[in-house]
Amino acid sequence: MKILFYDTKSYDQQFFEIAGEKYPEIEIEYLKTDLAPRTAPLAAGYDAVCGFVNSDIGAGTIRALKDAGVKLILMRCAGFNNVDLEWAGKCGITVMRVPGYSPEAVAEHAMALALAVNRRLHKAYVKVRENDFSLNGLLGFNFYGKTAGIIGTGKIGAAMVRICRGFGMRVLAYDVCQNPAIAGLAEYTELAVLLRESDLVSLHCPLTDDTYHLICRDTIAQIKEGAILVNTSRGALVKTEDLIEGIRARKFFGVGLDVYEEETPNVFEDRSDQILEHSVTARLLSFPNVIITSHQGFFTKEALEAIAHTTLLNSLAWERGEKSPNTVEG
Ligand code: NAD
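- As named in an unreviewed UniProt entry, the chain is 2-hydroxyacid dehydrogenase, taken from Candidatus Scatomonas pullistercoris.
- Looking at the Sequence similarities (unreviewed entry) heading of the UniProt record, one finds this comment for the chain: "Belongs to the D-isomer specific 2-hydroxyacid dehydrogenase family."

## Quick look at helix H4 (residues 103-118)
For an α-helix the count is 3.6 residues per turn, leaving residues at separations of three or four pointing the same way.
Logical step 1: Between its terminal C-alpha atoms H4 stretches 23 Å, which fits the 22 Å expected from 16 residues at 1.5 Å a residue.
Logical step 2: Across the 16 residues of H4, 12 count as buried, placing the element largely inside the fold.
Logical step 3: Buried within H4 we find Pro103, Ala105, Val106, Ala107, His109, Ala110, Met111, Leu113, Ala114, Ala116, Val117 and Asn118.
Logical step 4: Backbone geometry just after H4 places Arg120 at a positive phi near 55 degrees.

## Describing the sheet that holds strand E9 (residues 200-203)
Logical step 1: Within the open sheet, the 7 strands sit side by side as E8-E7-E6-E9-E10-E11-E12. Their pairing is parallel. Both edges of this open sheet fall to strand E8 (187-188) and strand E12 (290-292), since each of them pairs with a single strand only.
Logical step 2: Where strand E10 (residues 227-231) meets strand E11 (residues 252-257), 5 bridges bridge the pair, whose relative direction is parallel. Within the sheet, the bridge partner assigned to Leu229 lies in E11 and is Val255.

## Remarks on the site of the ligand
Logical step 1: Every one of the 22 residues lining the ligand counts as a neighbour, but Lys155, Ile156, Asp175, Thr232 and Phe298 are closest to it.
Logical step 2: In this structure, an oxygen atom belonging to the ligand sits 2.6 Å away from a side-chain N or O atom of Asp175.
Logical step 3: Note that a nitrogen atom of the ligand is positioned 3.0 Å from one of the side-chain N or O atoms of Asp258.
Logical step 4: Against a free-state accessible area of 870 Å², the protein chains account for coverage of 88% of the ligand.
Logical step 5: Looking at side-chain class alone, the shell around the ligand contains 9 nonpolar, 9 polar and 4 charged residues.

## Describing the packing of aromatic side chains
Logical step 1: Tallied over the entire structure, the rule returns 10 aromatic pairs.
Logical step 2: Note on Tyr11 and Phe299: the rings are 4.6 Å apart at their centroids and 70 degrees apart in plane angle, and the pair reads as edge-to-face. Here Tyr11, found in helix H1 (residues 10-20), pairs with Phe299, found in the loop between E12 and helix H11 (301-319); they are 288 residues apart in sequence, far enough to count as distant.
Logical step 3: Ring-pair connections join several aromatic residues into one group, and the members of that group are Tyr11, Phe52, Phe268, Phe298 and Phe299.
Logical step 4: Seen from the ring of Tyr46, Lys2 lies directly overhead, with NZ or CZ sitting 5.0 Å from the centre.
Logical step 5: For the cation-ring pair, Arg63 lies above Trp87, with the distance from its terminal atom to the ring centre recorded as 4.9 Å.

## Overview of the sheet that holds strand E2 (residues 27-30)
Logical step 1: The mixed open sheet is built from 6 strands, whose spatial order is E2-E1-E3-E4-E5-E13. The sheet is open, and its two borders are formed by E2 and strand E13 (327-328), each paired with just one other strand.
Logical step 2: Together, strand E1 (2-5), E2, strand E3 (48-51), strand E4 (72-75) and strand E5 (94-96) form the strand contacts of H11, whose direction differs from that of E4 by roughly 160 degrees.

## As for the pairing of E4
Logical step 1: Residues of E4 alternate between two faces, with Leu72 and Leu74 on one and Ile73 and Met75 on the opposite face, all of them buried.
Logical step 2: In this sheet, E4 lies alongside E3 in parallel orientation, the contact comprising 4 bridges. Across the sheet, the residue bridging to Cys50 is Leu74, located in E4.
Logical step 3: Tracing the backbone out of E3, into helix H2 (residues 59-67) and back to the parallel element E4 gives a crossover that is right-handed.

## Structural notes on the nonpolar core
Note that soluble globular proteins tend to have their nonpolar side chains buried in a common cluster.
Logical step 1: Ile3, Val49, Ile62, Leu65, Ile73 and Val95 are the most contacted members of the largest nonpolar core, which has 50 residues in total.
Logical step 2: Elements with a minimum of two residues in this core: E1, H1, E3, H2, E4, helix H3 (85-90), E5 and H11.
Logical step 3: Among the elements that make up this core, the one with the highest residue count is H11 (6 residues).

## Examining unusual backbone geometry
Logical step 1: The phi dihedral of Asp7 is positive, around 55 degrees, even though this residue is not glycine.
Logical step 2: Relative to the helices and strands, Asp7 resides in the loop between E1 and H1.
Logical step 3: The exposure class assigned to Asp7 is buried, which follows from its relative accessible area of 10%.
Logical step 4: Phi angles above zero are rare outside glycine, and Arg250 is one such case at about 65 degrees.

## What to know about the state of the cysteines
Two cysteines, two sulfur atoms, one covalent bond between them: this is a disulfide.
Logical step 1: This model, assessed by the stated rule, comprises 0 disulfides.
Logical step 2: Residue Cys50 stays outside any disulfide, its sulfur separated by 8.5 Å from that of Cys77, the closest cysteine.
Logical step 3: Considering cysteine sulfurs only, Cys177 is the nearest to Cys205, which forms no disulfide, with 12 Å between them.

## Focus: the side chain of Asp258
Logical step 1: Looking at where Asp258 falls in the secondary structure, it is placed in the loop between E11 and helix H10 (280-285).
Logical step 2: For Asp258, which is buried and forms no salt bridge, the nearest opposite charge comes from Arg234, at a distance of 7.6 Å.
Logical step 3: Look past the residues within four positions of Asp258 in its chain and what remains in contact with it is His109, Leu113, Asn231, Thr232, Glu263, Thr293, Ser294, His295, Gln296 and Gly297.

## Here's the deal with the environment of Arg217
Logical step 1: Along the polypeptide, Arg217 turns up in helix H8 (residues 217-222).
Logical step 2: Apart from residues lying up to four places away in sequence, Arg217 is in contact with Asp242 and Glu245.

Conventions we followed
- Residues numbered from 1 in each chain as written.
- Predicted model: local features only at pLDDT ≥ 70, side-chain atom pairs only at ≥ 80, totals over all residues.
- Heavy atoms only, no water.
- UniProt positions renumbered as here; feature names shortened; annotations may be inferred.
- Helix = DSSP H or I, 4+ residues; strand = E, 2+ residues; numbered from the N terminus.
- Expected span 1.5 Å × (residues − 1).
- Buried < 20%, exposed > 50% of the residue type's maximum accessible area, 1.4 Å probe, protein only.
- Pairing = 2+ DSSP bridges.
- Near = heavy atom within 4 Å.
- Polar contact = N/O pair within 3.5 Å; in protein donor to acceptor, adjacent residues only side chain to side chain.
- Areas by Shrake-Rupley, 256 points an atom, 1.4 Å probe, with all protein chains shown as cover.
- Nonpolar A, V, L, I, M, F, W, Y, C, P; charged D, E, K, R; others polar.
- Phe/Tyr/Trp six-rings, centres within 6.5 Å; stacked < 30°, edge-to-face > 60°.
- Lys NZ or Arg CZ within 6 Å of the ring centre and 35° of its normal.
- Contact = heavy atoms within 4.5 Å.
- Axes fitted to C-alpha atoms, helices over the stretch in contact; angles between N-to-C directions.
- Right-handed = clockwise from strand over helix to strand, strands pointing away.
- Core = buried A, V, L, I, M, F, W, Y, C linked by side-chain atoms within 4.5 Å.
- Disulfide = S-S within 2.5 Å.
- Lys, Arg positive; Asp, Glu negative; His and termini not counted.
- Salt bridge = Lys/Arg side-chain N within 4 Å of Asp/Glu carboxyl O.

Set out below in structure tokens:
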């Protein structure tokens, strides 16, 4: 089994090399460049490619992978909205992913963002470093006794429900299908009711045609005044222009984003020496009640270990012709 690994960061290589010690039959070559139509031909001679959340795995890349003889796309993540599954099917290429590698990693980060923006930790950190020990601008509110609204109650959403319950919150949930794992912990309701009643709204549904711009002018109008919005799922769940309008209208107490629409060129890159042109991110960051992190929800030791192990096991299951629940189809 030969895998060409795209968009390699030092921590990817570190965790895959440790996991790979168990499977000497797997050979991995690591590339820094990401998977895209122009870089796909590099995979000639490999059985599989390994991509990540911002790899461009549209029709162009898939056709180039087919021409290169690649039979398997290994996504080292849960989401696969950047993969054209229909084209993969047409080209006879299997797509596999790592669902639920560590739901708690993402849910804990969602709560970290909610707490940080609530208690203005981003401002407090800077103030104290500047010997400003005043409390101006740092007033928050208790989560205890308040209502959390969880949109999408799969693995990560369910973990977030448990965390919110641990904080003594009432939890409302919205999903297209109910998860029995949270029975008794959360109350399923209509989206409009959840938005109207929740002090904290946290997004945990995947990006699909149905959820694209789920949070837009219409839904923002339904959100409770002074709520906190957290998105650790996918950027395009939120229409950024409308979010900015809502923030300007003083709708939100705070907003915590681990993902945002324009993240692709930024994610996992050090752009500190660059001037970012036309950046909505910069506009968002100009608000005192917004915190942005760069798609780091998954980034814990436990999650990286699980991602590496499952990705390698996926490749072996495919090689043996086994059916796997980790295979995704269009
Ligand atoms: P999951 O498949 O276990 O759960 C997703 C849930 O969303 C399911 O219960 C599903 O029924 C629900 N859903 C689907 N369509 C919906 C709709 N239209 N309205 C409401 N709910 C809907 O997935 P998960 O493992 O919990 O992951 C959720 C998302 O988190 C992923 O799709 C991915 O985008 C994101 N994620 C982010 C990070 C990060 O680092 N920030 C890491 C992993 C995953």
